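For reference, the chains in residue letters:
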Amino acid sequence: RRGKGDVTIHTLKGQLVHSLFDKMLEGETDIAAAYDTALPGYIVPLASVTDDFFDDQAFRADVLRHMAALRQYVDQNPHLLQNTQLELKRYSATIGIQGRIDAIFREGNRIDILELKTGKQIRFEDHAQLFIYRLLMSDQVRRWQRTEGQEVEITSRLLSSTDGSHAPMKLM
């Protein structure tokens, strides 16, 4: 049985893709070089979950395939490179939950919450996670509305690094 915090090759790949996506949104253009720089930080955890059959070149190619899909998405949405907050930690004492939002983009009176997913497909529970992130942002949004005297529109979407597809939050 796997518990929270278990390290697998898939979770490590996801962490690395998230880290490189953050670098991309911070303006990094040479993702292959960023991979080479980041990889030493993952060597010990990788060694703990791999065996003699681990193919480091295939792992690298898979991570860079994810990054190519994300690069295409960012190129199609250049506003993502501006007014961005990454890995935003939020806690709500009112509802007793906390979370770390992958990225928030603010443009005028619009806030866009982006949650990156590195698995094979976007799942129903991913939409629930996005809904919780919207709840976590509600206090901040109310403060902005009071301070700026205008309504704030919140959009939220899931982004798949597998193929660059994205989906707005759906409540079922």
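Residues numbered from 1 in each chain as written. Predicted model: local features only at pLDDT ≥ 70, side-chain atom pairs only at ≥ 80, totals over all residues. Heavy atoms only, no water.

1. Looking at the side chain of Thr 155
- By the element assignment, Thr 155 lies in strand β4 (residues 153-160).
- Those residues in contact with Thr 155 that sit more than four places away from it in its chain are Arg 110, Ile 111, Asp 112, Ile 113 and Arg 134. (Helix = DSSP H or I, 4+ residues; strand = E, 2+ residues; numbered from the N terminus. Contact = heavy atoms within 4.5 Å.)

2. Considerations on the packing of helix α1 (residues 9-25) against helix α2 (residues 31-38)
- Contact geometry for α1 and α2: axes closest at 10 Å, N-to-C directions at 130°. Our classification of the angle between α1 and α2 gives oblique. Crossing hand, α1 versus α2: right-handed. Across from Leu 16, Leu 20 and Met 24 in α1, the residues of α2 making contact are Ile 31, Ala 34, Tyr 35 and Ala 38.
- The residue makeup of the contact of α1 with α2, split by class, is 7 nonpolar, no polar and no charged. (Axes fitted to C-alpha atoms, helices over the stretch in contact; angles between N-to-C directions. Parallel < 35°, antiparallel > 145°, perpendicular 65-115°, else oblique. Left-handed = near helix turned anticlockwise from the far one by under 90°. Nonpolar A, V, L, I, M, F, W, Y, C, P; charged D, E, K, R; others polar.)

3. Some remarks on the confidence of the model for the protein
- Chain-level statistics for the protein give a pLDDT mean of 90 and a share of 97% at 70 or above.
- Looking at the elements of the protein, mean pLDDT is at its lowest for helix α5 (residues 124-148), recorded as 87, and at its highest for α2, recorded as 97. (pLDDT = per-residue confidence, 0-100.)

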